[in-house]
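Chain by chain, the residues run as shown.
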Amino acid sequence: MSAVPAATKSITIFKGDTSDLKNVVNLMEKVQPAHFDLEVDRIYRRAWLPVTTTADLPQRGSYVGVYVPPLKASVLVVRGQDDKVRAFYNICRHRGNKLVNDGEQGCKLAFSCPFHAWTFAADGRCVLVTDDTQFVGLDKSKHSLLPVHCEVSGPLVFVNFAEQPKETLAEWLGDLHGNYGDHFDGREQIASWSILVKASWHITVNAFTEGYHSLFLHKATLPDYQGGSGNPMRHRPFLEVMQRHARYSAKANPAHKMTPVEELSYNAGRKLYPAFPHVDTSAPGFPAGVNPGRVDNWAFDITEFFPCFVLIDGAEWHQAMWFWPVDADHTEIRVVDYAYKAQSVGDRLAHSYLRARNREVFREDISTMEAIHASMKTGVMPEVVLSQQEMLLQKHYAMVERMVGQP
Amino acid sequence: MSAKLPQEFADLEVWVAQWALPTEKARYFWLLGRSIDELRPFYDAMLPRSPQIIAYLSKQPAGGMTGPAQVLYDLMLTFVETAHPIELKWKTTDIETPVDPARLQFHGPSAARYS
């Protein structure tokens, strides 16, 4: 299949090597259980996977318990007393009970197993075996928590389940590494939702990595936030494919009309989605990873961190989205919205408006997934066709084929 | 025990029992259980009072509200989180979707009191 020809009649500036992209993709074969088994072995056991954010690990001792469905593994991610973020299998080294619950967040000096109170420090060392004289020949130092490779980049904490990762995180991320500056600092969680959908993880990721649908699927929830007379089809002004990942920027509609409660909430706090404040992203020192194409009337960026994480980032907010494959037919979607830290009641109103409006948009995005999955399972339409505006999907499948093709 | 608003908002007292809700989750499912015709009177009552409510709440300690101020805060957040069906001119209080909203799970700040 040839390289994708340059788009015509579009404001889009394309960047990156598109030579491995295809605009016709066999989706049916990628939703089959046998393909899924290969994906677990060749993608999920090899990739650097974001599991949480630095915003959720604000201080020494902060921790989160994260279940990673494709690996069927529970991970404890903790910021140590030395400020280093580490990940461990969430498994007590005595008899294998979980030290923290999946989804749990908090701050602790040490992790004590609820079963027999074996206790582990934030760096993984076993620091207490209760009634230890009853263990014959036990060497505590050999029962540290089992580590998982863990590194931080920008706002995200990544793990890698390979025995020895083939690439460093910096290599894996390419230009996505080290280019966010302090953009995400000082944010707090304002909403968190999850849902289990009966659809392949591919289909769920795909729902969030193109803006083509927004004019149609979101007509009731986002009638005018993008587009406008200069860009009626809401083309992406900037779209970039990288070695493994891909991203685009969206442009605000200068004619967006705030509703009365949108206006009063955002006047009380700061302007958030679906209204977009003017930000001078060309100012010296503005992080290169935010509005990477330096488009004017910038609204937000969407980045697919291959394989299953999508970051949506705006001026004062961002949304972290995990699309965790459970099996070939099920995906657990976890969404966490963050915004600038509230200092006043007005900020809380702004946050509340954002999360309610955004939740409805998110639910619309979910609405297509199970239908598409069911369609693919019929087998009557193996291939889907993708536009230039859906180039992130093209990149997603090029990466799937590349990694699944590597024994 | 009936919750009370600050005295100057006594005109909104009638909404407190059902609409002064503590979490995003509670507000959302309350909204979904209402018709547009049930939602509209609440919207119409709250919108013109919003500037005074914001002015009043802004004098309270953020994150440390109690008593009548807390009730007013909950009522205002319910207003902010339930206004969109009216303002976007929906025919119902929910989007048109085949996905049952009860499938959505709420965590962290979506399930807890937000203050």
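Residues numbered from 1 in each chain as written. Chains lettered and ligands numbered in written order. Predicted model: local features only at pLDDT ≥ 70, side-chain atom pairs only at ≥ 80, totals over all residues. Heavy atoms only, no water.

### Section: the side chain of A:R79
All names here are of chain A.
Argument step 1. Looking at the secondary structure, you find R79 in strand β5 (residues 73–79).
Argument step 2. Looking at R79, its side chain comes within polar contact range of the main-chain oxygen of D83, at 3.2 Å.
Argument step 3. Not counting chain neighbours up to four residues away, the residues in contact with R79 comprise T54, L57, P58, Q59, R60, G61, S62, K84, V85 and A122. (Helix = DSSP H or I, 4+ residues; strand = E, 2+ residues; numbered from the N terminus. Polar contact = N/O pair within 3.5 Å; in protein donor to acceptor, adjacent residues only side chain to side chain. Contact = heavy atoms within 4.5 Å.)

### What to know about the interface of chain B and chain A
Argument step 1. If you look at the interface, chain B gives 37 residues, while chain A gives 39 residues.
Argument step 2. Summing the contributions of chain B and of chain A, the shared interface buries around 3300 Å²; its carbon and sulfur component is 62%.
Argument step 3. Counting across the interface, chain B meets chain A through 5 salt bridges.
Argument step 4. Across the pair B:E24 and A:R355 runs a salt bridge whose closest N-O atoms are separated by 4.0 Å.
Argument step 5. Here chain B and chain A share 19 residue pairs in polar contact (both at pLDDT 80 or more) between them.
Argument step 6. Of all the elements in the fold, those that place two or more residues in the side of chain B that touches chain A are α2 (24–32), α4 (50–58), α5 (67–82), α6 (84–87), β1 (105–106) and α7 (108–111) of chain B.
Argument step 7. With 6 residues, the top contributor of residues to the side of chain B that touches chain A is α5(B).
Argument step 8. The residue inventory of the side of chain B that touches chain A, partitioned by class, reads 24 nonpolar, 7 polar and 6 charged. (Buried area = accessible area lost by both parts, 1.4 Å probe. Salt bridge = Lys/Arg side-chain N within 4 Å of Asp/Glu carboxyl O. Nonpolar A, V, L, I, M, F, W, Y, C, P; charged D, E, K, R; others polar.)

### Let's talk about the environment of B:A45
All names here are of chain B.
Argument step 1. Considering the arrangement of structural elements, one finds A45 in helix α3 (residues 36–46).
Argument step 2. A sequence separation of 33 residues divides A45 from T78, and the C-alpha atoms of the two residues are 13 Å apart.
Argument step 3. In contact with A45, other than residues within four places in its own chain, are L12 and W15.

### Some remarks on the packing of aromatic side chains
Residues and elements named next belong to chain A.
Argument step 1. A complete count under the given rule lists 31 aromatic pairs over all chains for this structure.
Argument step 2. Look at Y44 and W201: their rings are 5.2 Å apart centre to centre, the planes differ by 80°, and that puts the pair in the edge-to-face class. Here W201 lies in helix α3 (residues 201–206) and Y44 lies in helix α1 (residues 33–44), a separation of 157 residues in the sequence. Of the two residues examined, Y44 and W201, each falls in the buried class.
Argument step 3. Relative to F184, the ring of Y180 lies with its centre 5.3 Å away and its plane at 75°, an arrangement referred to as edge-to-face. (Phe/Tyr/Trp six-rings, centres within 6.5 Å; stacked < 30°, edge-to-face > 60°. Buried < 20%, exposed > 50% of the residue type's maximum accessible area, 1.4 Å probe, protein only.)

### Some words on the packing of helix α6 (residues 345–366) of chain A against α2(B)
Argument step 1. Where α6(A) meets α2(B), the closest approach of the two axes is 12 Å, and the angle between their N-to-C directions is 60°. Handedness of the crossing formed by α6(A) with α2(B): right-handed. Together, A:R355, A:R359, A:E360 and A:R363 of α6(A) and B:E24, B:R27, B:Y28 and B:L31 of α2(B) make up the contact between the two elements.
Argument step 2. Here the contact of α6(A) with α2(B) is composed, by residue class, of 2 nonpolar, no polar and 6 charged. (Axes fitted to C-alpha atoms, helices over the stretch in contact; angles between N-to-C directions. Left-handed = near helix turned anticlockwise from the far one by under 90°.)

### Focus: the sheet that holds strand β4 (residues 62–68) of chain A
Residues and elements named next belong to chain A.
Argument step 1. Strand order in the open sheet formed by 7 strands is β3-β12-β11-β6-β5-β4-β7, and the pairing between neighbours is antiparallel. Each edge of the open sheet carries a strand with a single partner, namely β3 (49–53) and β7 (105–107). Looking at each pair of strands side by side, their axes are set apart by 30° on average, direction ignored.
Argument step 2. Relative to strand β12 (residues 156–160), strand β11 (residues 147–153) runs antiparallel, the two being bridged by 5 bridges. The residue of β12 that forms the bridge with H149 is N160. (Pairing = 2+ DSSP bridges.)

### Remarks on the nonpolar core
Within soluble globular proteins, side chains that are nonpolar tend to cluster in buried spots.
Argument step 1. One finds A:F300, A:F362 and B:M76 to be the most contacted residues of the largest nonpolar core, which totals 148 residues.
Argument step 2. Counting the residues that make up this core, at least three belong to each of domain 1 (13–46 + 185–404) and domain 2 (49–164) of chain A.
Argument step 3. A:V78, A:V100, A:F120 and A:L145 belong to the second-largest nonpolar core, a separate cluster that totals 15 residues. (Core = buried A, V, L, I, M, F, W, Y, C linked by side-chain atoms within 4.5 Å. Domains from an automatic or database assignment.)

### Focus: the domain arrangement of chain A
Residues and elements named next belong to chain A.
Argument step 1. What the domain assignment reports for chain A is domain 1 (13–46 + 185–404) and domain 2 (49–164).
Argument step 2. Counting residues at the interface gives 17 residues for domain 1, matched by 19 residues for domain 2.
Argument step 3. One can count 0 salt bridges joining domain 1 with domain 2.
Argument step 4. For the side of domain 1 that touches domain 2, the secondary-structure elements that each account for two or more residues are α1, β13 (187–197), β18 (317–327) and β19 (330–340).
Argument step 5. If one sorts the elements of the side of domain 1 that touches domain 2 by residue count, β18 sits on top with 5 residues.
Argument step 6. Grouping the amino acids of the side of domain 1 that touches domain 2 by side-chain chemistry returns 11 nonpolar, 1 polar and 5 charged.

### Some words on the sheet that holds β18(A)
Argument step 1. In space, the 9 strands of this open sheet follow the order β1(A)-β14(A)-β15(A)-β16(A)-β17(A)-β18(A)-β19(A)-β13(A)-β1(B), with mixed pairing throughout. For this open sheet the edge positions go to β1 (13–15) of chain A together with β1 of chain B, each flanked by a neighbour on one side alone.
Argument step 2. In this sheet, β1(B) lies alongside β13(A) in antiparallel orientation, the contact comprising 2 bridges. When the bridges of β1(B) are listed, A:S194 appears paired with B:Q105.

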